[in-house]
Amino acid sequence: MSSSMGRAAEDISRRPRAGTGLLVALGAAFSFGMSGAWARGLIDAGWTPGAAVTARIWVAALILLVPTILALRGRWRLLRCNAGMIAAYGLLAVTATQLFYFQAVAVMDVGVALLIEYTAPVAVVLWLWVRRGERPTGRSILGAVLAFVGLVLMLDVLTGARVDGGGILWALGAMVGAATYFVLSARQDTGLPPLALAGSGLLLGALGLTTAGLVGVLPMRWTFDDISYRLAGVADVAVPWFVPVLAIGLLATALAYVLGIASTRMLGSRLASFVALAEVIAAMLFGWLLLGQLPAPVQLVGGALVLVGVVIVKLGEPSPESLPAPEGRTGPDVEPASAA
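Residues numbered from 1 in each chain as written. Predicted model: local features only at pLDDT ≥ 70, side-chain atom pairs only at ≥ 80, totals over all residues. Heavy atoms only, no water.

- Looking at an unreviewed UniProt entry, the protein chain carries the name EamA family transporter, with the source organism given as Microbacterium soli.
- According to its UniProt record, the protein chain has this under Sequence similarities (unreviewed entry): "Belongs to the EamA transporter family."
- The record held by UniProt for the protein chain lists under Subcellular location (unreviewed entry) the comment "Membrane". (UniProt positions renumbered as here; feature names shortened; annotations may be inferred.)

1. Focus on the overall build of the protein chain
Item 1. Within the protein chain, the regular secondary structure consists of 15 helices and two strands.
Item 2. Out of the 340 residues belonging to the protein chain, those deemed buried represent 51%.
Item 3. If you take every contact in the protein chain between residues at least 6 apart in sequence, the share linking residues at least 24 apart comes to 87%.
Item 4. Total accessible area on the protein chain is roughly 15,200 Å²; 69% of this is exposed by carbon and sulfur atoms. (Helix = DSSP H or I, 4+ residues; strand = E, 2+ residues; numbered from the N terminus. Buried < 20%, exposed > 50% of the residue type's maximum accessible area, 1.4 Å probe, protein only. Contact = heavy atoms within 4.5 Å. Areas by Shrake-Rupley, 256 points an atom, 1.4 Å probe, with all protein chains shown as cover.)

2. Looking at the nonpolar core
Item 1. In terms of nonpolar packing, the biggest core is built from 76 residues, with Y89, L202 and Y257 touching the most fellow members.
Item 2. Ranked by residue count, the leading element in this core is helix 4 (residues 49-72), at eleven residues.
Item 3. When sequence neighbours within four positions are dropped, the list of residues in contact with L202 reads I57, A60, A61, L64, V94, T253 and Y257.
Item 4. Ranked by size, the runner-up nonpolar core spans six residues in total, among them A120, V124, L128 and A179. (Core = buried A, V, L, I, M, F, W, Y, C linked by side-chain atoms within 4.5 Å.)

3. Some remarks on the pattern of salt bridges
Item 1. Applying the stated criterion across every chain yields a total of two salt bridges.
Item 2. The salt bridge involving R40 is made with D44; its shortest N-O contact spans 3.0 Å. Here R40 and its partner D44 are both found in helix 3 (residues 35-44), four residues apart, which amounts to about one turn of the helix.
Item 3. On the basis of relative accessibility, which here comes to 15%, the residue R40 falls in the buried class. (Salt bridge = Lys/Arg side-chain N within 4 Å of Asp/Glu carboxyl O.)

4. Quick word on helix 11 (residues 194-214)
Item 1. For helix 11, spanning 21 residues, the distance from its first C-alpha to its last is 30 Å, which sits close to the expected 30 Å at 1.5 Å a residue.
Item 2. For helix 11, the full list of buried residues reads L195, A196, L197, A198, G199, S200, G201, L202, G205, A206, L209 and A212.
Item 3. Of the residues flanking the end of helix 11, it is G216, one or two places downstream, whose phi is positive at about 90°. (Expected span 1.5 Å × (residues − 1).)

5. Let's talk about the pairing of strand 1 (residues 227-231)
Item 1. Relative to strand 2 (residues 235-239), strand 1 is paired through five bridges, and the arrangement is antiparallel. If you follow I227 over to strand 2, its bridge partner there is V239.
Item 2. Joining the antiparallel neighbours strand 1 and strand 2 is a turn of three residues, in which A232 adopts a positive phi near 55°. (Pairing = 2+ DSSP bridges.)

6. As for the packing of helix 4 against helix 11
Item 1. Running from N to C, helix 4 and helix 11 point in directions that differ by 145°, and their axes come no closer than 7 Å. Handedness of the crossing formed by helix 4 with helix 11: left-handed. Seen from helix 4, the contacting residues are V53, T54, I57, W58, A60, A61, L64, L65, P67, T68, A71 and L72; seen from helix 11, they are L195, A196, G199, S200, L202, L203, G205, A206, L207, L209 and T210. (Axes fitted to C-alpha atoms, helices over the stretch in contact; angles between N-to-C directions. Left-handed = near helix turned anticlockwise from the far one by under 90°.)

7. What about unusual backbone geometry?
Only a minority of non-glycine residues have a phi that is not negative, and only a minority of peptide bonds are not trans.
Item 1. Of note in this structure, R73 is not a glycine but carries a positive phi near 50°.
Item 2. With respect to the helices and strands, the residue R73 is situated in the loop between helix 4 and helix 5 (77-81).

As C-alpha cells, this is what we get:
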C-alpha cells in the first residue's frame, strides 16, 4: 500500500492544481451519484427504466455533441479506426451499465445497488488475470475477500431479510458494464480524445436505445405527470417531469463526464479513481435526501467493508513499471476518462 500511496503522492506533487483537481473530482462523484435517486422518482411515477435511461443519455449526448466535434478537430478517421471500441463503449460501458443500474434501483435502494456496482474493480482484476496473465497480489486478494464479506452484510442475508434477487442480478449486470468501462478506458493506443470517446459513445448509446424501443425490444413508457420525491423522509414534494430528466442528463451525466475528465487530467488516473469512490457516499446521501432511504446499520458496515475492499484491490494492482508494455503504449501512465 505504501508504494501505491507514494505514487499517488508523486502524482499530486507533479500537479500544482491538485487542490482544484480534488474539488473537481468530488464534484464529478457527487454528480454521478445523484442519478439513481432522480431516476427512482421517474420510475415510481410510471416511467420504465428504459425510458429513463434513454432520456438521460439523449440529453447528455446532445449537450456534449459540440464539445465532441471540437475535440476531434476534423480527425474523423479516429472514429472510423476505433468504431469497434466506440460501439463497445457506447453499448456496454455506458448504456448497459446505466440501464441495468436503473433496473436495479427500480426494485431496491439506490445505495445498495450502487455498492454492488462498485465491486467492478474486483472484476477488472480477475479479467486481467485470466486474459493477460496479470496475477493479483496478496493485497488484491485480501481486498476482494473484504468486498465479498461486505457485500453479504450489505444485503443483510444473514438475518433472513428478504433480498430482491432480480435487483441483485441487475446490479451485478451494471457491475460488469462498469468493469468493461474501466478496461476500455485504460486503452491509450487509439488516439481518441477522452471527451470524443465519451460523446460519441453516448450518442451511439442513445441511438441504440431508441432503436430498441421502436422495435419493441426495450419497453418504453413515460408520463408527463408531476414527479414526487420525499425530501429527507419528511416532506413530499412534486416537481414537473422535466426537472428530473434535465437533472439526470445535464448534472448526473454531461456535467459529471466533463468534471470527471478534467479531474483525471489534473490528478492522474490513480488518485482520481480513489476520489471517484465518493460516488457511493453521494448515492446514499441523495437516496436519503430525495427518497427518504436510509440503510440499516449492518448495511452501512457492509458498505464500508466493500469500499475498503475495493480500495485495497486498487492499491494492490501491479505497478505499470512491473508489467510488459502493451502494444502501442507510448507513456508510463494510463489516463482514462472518469467512471460512469
